[in-house]
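One letter stands for each residue in the lines below.
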Amino acid sequence: MRILIASIAACLLSAPVFAGGETPSNPDAQVYFVNLSDGDTVTSPVTVVFGLNGMGVAPAGTEKENTGHHHLLIDRPALGEGEDGADELSYGIPSDDNHLHFGGGQTEVTLELAPGPHTLQLVLGDHGHVPHATPIVSDVITITVE
Ligand SMILES: [Cu+2]
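Residues numbered from 1 in each chain as written. Predicted model: local features only at pLDDT ≥ 70, side-chain atom pairs only at ≥ 80, totals over all residues. Heavy atoms only, no water.

Visitor: So what exactly am I meant to see when it comes to the nonpolar core here?
Guide: The tendency in soluble globular proteins is for nonpolar side chains to be buried side by side. With 23 residues, the main nonpolar core has Phe33, Leu36, Val46, Val48, Leu72, Leu120 and Ile143 as its most contacted residues. The greatest single-element share of this core, amounting to 4 residues, is contributed by strand β3 (residues 46–53). In this view, valine 46 contacts Leu36, Val109, Thr110, Leu111, Leu113, Ile143 and Val145; residues no more than four positions away in its chain are not counted. Counting 5 residues, the second-largest nonpolar core is a separate cluster that includes Leu73, Leu89, Ile93 and Val123. (Core = buried A, V, L, I, M, F, W, Y, C linked by side-chain atoms within 4.5 Å. Buried < 20%, exposed > 50% of the residue type's maximum accessible area, 1.4 Å probe, protein only. Helix = DSSP H or I, 4+ residues; strand = E, 2+ residues; numbered from the N terminus. Contact = heavy atoms within 4.5 Å.)

Right, here's the structure in full:
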């Protein structure tokens, strides 16, 4: 019985928690908010500065090893979670009011946000807007706009 439990545990551990697309990342890379922290209170417009360690920024469409472009997920579940979570990991990040692409290689944005709480998450995407394998994502932070 102990052996069976051990082999089940090994299977669970080897299954990728988070699949991502086909473009390899540096799994040690980190994307993060330079100027905002979870729980911050801010006023609109809000400038959001994107930080990246261990990989480089390249415009969308540029296939270059260990690069990607920034995406900002606003007021939605963490990447890979929610209704379309599996699809966005395999096929790419949607483009709408909740998913902003910075395909020009931008590293900051200034947003008009309505008063109240908002969640933000940074996600690096490859040349085709698909998260890498391993996906490079920030923590989801909640900020409150006064
Ligand atoms: Cu994109």
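From this point, the narrative continues.
Visitor: Would you take a moment to explain the coordination of the copper ion for this structure?
Guide: For a metal with four tetrahedral donors the ideal donor-metal-donor angle is 109.5 degrees, while six octahedral donors give ideal angles of 90 or 180 degrees. Coordination of the copper ion by the protein is provided by His69 (NE2), His71 (NE2), His101 (ND1) and His129 (ND1), with metal-donor distances spanning 2.0 to 2.1 Å. Seen from the copper ion, its 4 donor atoms lie at angles of 90 to 153°, and the figure they make is irregular. For the copper ion, all donor residues lie on one chain, and their spacing in sequence is H-x1-H-x29-H-x27-H. Here the residue histidine 71 occupies a position in strand β5 (residues 67–74), and histidine 129 occupies one in the loop between β8 (116–125) and β9 (141–145), the gap between them amounting to 58 residues. When its relative accessible area of 0% is taken as the criterion, histidine 71 is described as buried. For histidine 129, a relative accessible area of 26% corresponds to the partly exposed category. (Donors = N, O, S within 2.8 Å, 3.2 Å for Na, K, Ca; no water. Tetrahedral: all angles 85-135°; square planar, octahedral: opposite > 155°, others 65-115°.)

Visitor: Got a minute to help me understand unusual backbone geometry in this structure?
Guide: What you tend to see is this: most non-glycine residues have negative phi, and most peptide bonds are trans. With an omega of 0°, the peptide bond running from serine 44 to proline 45 counts as cis. Its location among the elements puts proline 45 in the loop between β2 (41–42) and β3. In this structure, threonine 134 follows alanine 133 across a cis peptide bond, with omega equal to 0°. A positive phi angle is found at aspartate 75, which is not glycine, with a value near 55°. Structurally, the position occupied by aspartate 75 is in the loop between β5 and α2 (85–91). Since its relative accessible area comes to 36%, aspartate 75 is described here as partly exposed. If you check the backbone angles, histidine 129 has positive phi at about 75° while not being a glycine.

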